[in-house]
Every structure is written in structure tokens, then in C-alpha cells.
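Given next are the chains, with one letter for each unit.
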Amino acid sequence: MSDHDYHAELDARGLFCPEPVMMLHNRIHDVEVGQVLRVVATDPSTTRDIPRFCQFLGHELLSQREAGGEFLFLIRRCQDA
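Here's what I pulled together on the structure shown here.

Conventions adopted
- Residues numbered from 1 in each chain as written.
- Predicted model: local features only at pLDDT ≥ 70, side-chain atom pairs only at ≥ 80, totals over all residues.
- Heavy atoms only, no water.
- Helix = DSSP H or I, 4+ residues; strand = E, 2+ residues; numbered from the N terminus.
- Pairing = 2+ DSSP bridges.
- Expected span 1.5 Å × (residues − 1).
- Buried < 20%, exposed > 50% of the residue type's maximum accessible area, 1.4 Å probe, protein only.
- Arc of directions from axis to C-beta.
- Contact = heavy atoms within 4.5 Å.

1. Topic: unusual backbone geometry
Note the cis peptide between C17 and P18, where omega equals 10°. One can find P18 in the loop between β1 (8-12) and α1 (19-27).

And the structure:
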């Protein structure tokens, strides 16, 4: 799956822990089960927090990478959490 294959996006650039994950918790409900949410963040703690969020709530972390000081995540909503 490429960075272009997603249904919605959460721009969490400039926000710091715990704000990106709090926003993700709300934004994941804006996509249907099976759809993909792209998250863009600048806080390095998201590399730890977002995978844990996915694991804890049962969503699939499809990809995680860093590019130009930004952290990019693709998350498939797997259930009604």
C-alpha cells in the first residue's frame, strides 16, 4: 500500500504527546471499518504511541515511516472500537 492509498487524513504536525493520539482516537471513527486513515505527525513519541494505540484497540498499522522530519502512518480501521 502506498502513501496515496487512504480514505482520510489526520494532520497532527506541531502537536505533542498526548494530543496526536487523542486526535487519532476521535478521527478513526470518521473512516469506515476496512478503510485507511493516514496520520502525519512531527512528534517522535508517535512512533511509540501510535503502534500501541493500534495494538490496544485492534486496528492494523499498515505502514510507519519517517520522511523529512515527519512521521507517516497508515492505519486500517479493523473494528468498531
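Further notes follow.
2. Examining the pairing of strand β3 (residues 60-67)
Consecutive side chains along a regular strand alternate between the two faces of the sheet. Note: β3 against strand β4 (residues 70-76), seven bridges, orientation antiparallel. Pairing of S63 across the sheet is with L74, part of β4. Two successive antiparallel strands, β3 and β4, enclose a turn made up of two residues, where G68 displays a positive phi of approximately 60°.

3. Here we look at helix α2 (residues 46-57)
In this model, α2 (twelve residues) spans 16 Å end to end at C-alpha, consistent with the 16 Å of a helix rising 1.5 Å per residue. Inspection of α2 places T46, D49, I50, F53, C54 and L57 among the buried residues, and these make up the whole buried set. Down the axis of α2, the smallest arc covering the buried residues is 130°, so these residues share one side. Of the residues in α2, the exposed ones pointing more than 90 degrees away from the buried face are R52, Q55 and F56. In the core, the buried residues of α2 are packed alongside α1, β2 (36-41), β3 and β4. Just downstream of α2, G58 is the residue with a positive phi angle, here 80°.

4. Describing the environment of E32
Mapping E32 onto the fold places it in the loop between α1 and β2. A relative accessible area of 55% places E32 in the exposed class. Along the chain, E32 and R76 lie 44 residues apart, while their C-alpha atoms are 9.2 Å from each other.

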